[in-house]
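Listed below, chain by chain, are the residues.
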Amino acid sequence: LYAAQCRQWLNFFPREQIIVVPLHKLKHSESCIIEMEKVFQHVGLEPVVVADVSHKNVRHYPKQIPADVEGVLRKFYKPHNRELYELCGGEDFGW
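Residues numbered from 1 in each chain as written. Predicted model: local features only at pLDDT ≥ 70, side-chain atom pairs only at ≥ 80, totals over all residues. Heavy atoms only, no water.

This paragraph deals with the overall build of the protein. When you go through the protein residue by residue, the secondary structure sums to three helices and zero strands. Tracing the protein from N to C terminus, the helices and strands come up as α-α-α. Across its three principal axes, the protein shows a C-alpha extent of roughly 45 × 35 × 20 Å. In the protein, which comprises 95 residues, the proportion classed as buried is 15%. (Helix = DSSP H or I, 4+ residues; strand = E, 2+ residues; numbered from the N terminus. Buried < 20%, exposed > 50% of the residue type's maximum accessible area, 1.4 Å probe, protein only.)

Before going further, it helps to examine the nonpolar core. Listed in full, the seven residues of the largest apolar core are Ala3, Cys6, Leu84, Tyr85, Leu87, Cys88 and Phe93. Elements with a minimum of two residues in this core: helix H1 (2–10) and helix H3 (67–87). Those residues in contact with Phe93 that lie beyond four places of it in its chain are Val20, Pro22, His24, Leu84, Tyr85 and Cys88. (Core = buried A, V, L, I, M, F, W, Y, C linked by side-chain atoms within 4.5 Å. Contact = heavy atoms within 4.5 Å.)

Attention shifts here to the pattern of salt bridges. On inspection of all chains with the given rule, the structure shows three salt bridges. Note that Arg7 and Glu83 form a salt bridge whose closest N and O atoms lie 2.3 Å from each other. One end of the pair, Arg7, is in helix H1; the other, Glu83, is in helix H3, and 76 residues separate them in sequence. The exposure class of Arg7 is partly exposed, given its relative accessible area of 37%. The salt bridge partner of Glu35 is Lys38, with a shortest N-O separation of 3.1 Å. Of this pair, Glu35 and Lys38 are both found in helix H2 (residues 29–42), three residues apart, which corresponds to roughly one turn of the helix. (Salt bridge = Lys/Arg side-chain N within 4 Å of Asp/Glu carboxyl O.)

Two elements in contact, H1 and H3, have axes separated by 8 Å at closest approach and are oriented at 35 degrees. In terms of crossing hand, the pair formed by H1 and H3 is left-handed. Residues Tyr2, Ala3, Cys6, Arg7 and Leu10 of H1 lie in contact with H3, whose contacting residues are His80, Glu83, Leu84 and Leu87. Looking at side-chain class alone, the contact of H1 with H3 contains six nonpolar, one polar and two charged residues. (Axes fitted to C-alpha atoms, helices over the stretch in contact; angles between N-to-C directions. Left-handed = near helix turned anticlockwise from the far one by under 90°. Nonpolar A, V, L, I, M, F, W, Y, C, P; charged D, E, K, R; others polar.)

The next subject is H2. In this model H2 runs 20 Å from its N-terminal to its C-terminal C-alpha over 14 residues, within 8% of the 20 Å that 1.5 Å per residue would give. Considered for burial, the residues of H2 that qualify are Cys32, Glu35, Val39 and Phe40. Looking straight down H2, one finds that the buried residues subtend no more than 145 degrees of arc, so they occupy a single side. In this structure, H2 carries Glu30 and Gln41 as exposed residues pointing more than 90 degrees from its buried face. (Expected span 1.5 Å × (residues − 1). Arc of directions from axis to C-beta.)

Written out as structure tokens, the structure reads:
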């Protein structure tokens, strides 16, 4: 329920001071470099080439979630995710 956490941050910082980077944009070398350049620019630093963009803390899950369970979870989280997308400037993270 990330939206609730974001709302708390927004009580103390204006939206333009917060940058949210979806994890999926850091999973591939090219998109990771692009996103990190945005982060450096956002905080006012010169871009630095991130030399090691390999995956860390990788987990492999042996089973898929049953479709009915996934449906229940998606339904539950849908309004919360929609609120998060709105708080993050409308970006849909694909959840």
